Amino acid sequence: MSGKKKQKTKKRATLGRSLIFRKGNITDFEEYYGLYKIFEKEYKKISICEIFFKFSKRQIKDEFCDKLKNYFVVAEFNGKITGYIEGIFYDKYKRGYIADLFVLKKFRNLSIATKMKNIFLKEVQKRKYKQADLDVNVKNPAVNLYKKWGFKIAKYRMVKKLR
Ligand SMILES: CC(C)(COP(=O)(O)OP(=O)(O)OC[C@H]1O[C@@H](n2cnc3c(N)ncnc32)[C@H](O)[C@@H]1OP(=O)(O)O)[C@@H](O)C(=O)NCCC(=O)NCCS
């Protein structure tokens, strides 16, 4: 086994003992806000043609409350949130949508996102929905991960900048 792989296996084993997945709640907001800010910075680097609005903390909190009403699961390690997934169930269309997915850099490549996706897909299957889908920026390396999960490119979203 290569050194990198060994390190990953060791890290995974350590995580295994203290990593939990649970439903998010309103007391998670401050921690979520910290993660949101990190995600925002990272996302700006890979975005194409997207307009970034400066949301106030109040607005982000309101949005967070909506996420809680949908489906919001966090990965927690030693009492700290390391990642989260937001899902939306479209009952009318029998589809589950992954609306948001994030894992802190330090905890990446340890299958945390894969586990959160599996937990969400279980819920989708329980509802006997026909499909799960998501949107991703073309420049996001996560595209490869989604392909590995079995997602296929279904359409392109095109943007034209206006003055
Ligand atoms: C995408 C993301 C959630 C994946 O989380 P994760 O817990 O590291 O994912 P997993 O450990 O389950 O899967 C890791 C695999 O994804 C690939 N991958 C994921 N993100 C990657 C990245 N940014 N760069 C390169 N490879 C990446 C790796 O190749 C890895 O494959 P391997 O296990 O065969 O080595 C995480 O990279 C992230 O938070 N990125 C920033 C936020 C983001 O872009 N979210 C998606 C919005 S659509």
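Residues numbered from 1 in each chain as written. Predicted model: local features only at pLDDT ≥ 70, side-chain atom pairs only at ≥ 80, totals over all residues.

**Observations regarding the sheet that holds strand β2 (residues 71-77)**
Two orientations exist for strands paired in a sheet by backbone hydrogen bonds: parallel and antiparallel.
Phase 1: Taken in spatial order, the five strands of this open sheet run β1-β2-β3-β4-β5, and their pairing is mixed. Every interior strand has two partners, whereas the edge strands, β1 (19-23) and β5 (131-134), have only one. Neighbouring strand axes in the sheet, compared pairwise and without regard to direction, differ in orientation by 25° on average.
Phase 2: Note: strand β4 (residues 95-103) against β5, four bridges, orientation parallel. Its bridge partner being in β5, R95 is matched across the sheet by Q131.
Phase 3: Across the sheet, helix α2 (residues 29-46) touches β3 (80-90) and β4, and the angle it forms with β3 is around 85°. (Pairing = 2+ DSSP bridges. Helix = DSSP H or I, 4+ residues; strand = E, 2+ residues; numbered from the N terminus. Axes fitted to C-alpha atoms, helices over the stretch in contact; angles between N-to-C directions. Contact = placed C-beta atoms within 7 Å.)

**Here's the deal with the site of the ligand**
Phase 1: Not every one of the 18 residues close to the ligand is listed here, only the nearest: R108, A113, T114, P141 and L145.
Phase 2: Of all elements in the fold, only α2, β4, α4 (112-126) and α5 (142-148) reach the threshold of two or more residues within the shell around the ligand.
Phase 3: A class-by-class count of the residues in the shell around the ligand yields eleven nonpolar, five polar and two charged. (Near = placed C-beta within 6 Å. Nonpolar A, V, L, I, M, F, W, Y, C, P; charged D, E, K, R; others polar.)

**Looking at the nonpolar core**
Phase 1: Formed by 18 residues in total, the largest nonpolar core has its most connected members in Y84, I85, L101, I112, M116 and F120.
Phase 2: In this structure, I85 is in contact with V73, I98, D100, L101, M116, K117 and F120, ignoring residues within four places of it in sequence. (Core = buried A, V, L, I, M, F, W, Y, C linked by C-beta atoms within 7 Å. Buried ≥ 20, exposed ≤ 12 C-beta atoms within 10 Å, placed from the backbone.)

**Focus on the environment of C49**
Phase 1: Secondary-structure assignment places C49 in the loop between α2 and α3 (57-69).
Phase 2: Each C-alpha atom, one on C49 and one on G3, is 40 Å from the other, the two residues being 46 residues apart in sequence.
Phase 3: Here C49 is in contact with V159 and K161, once residues within four sequence places are set aside.

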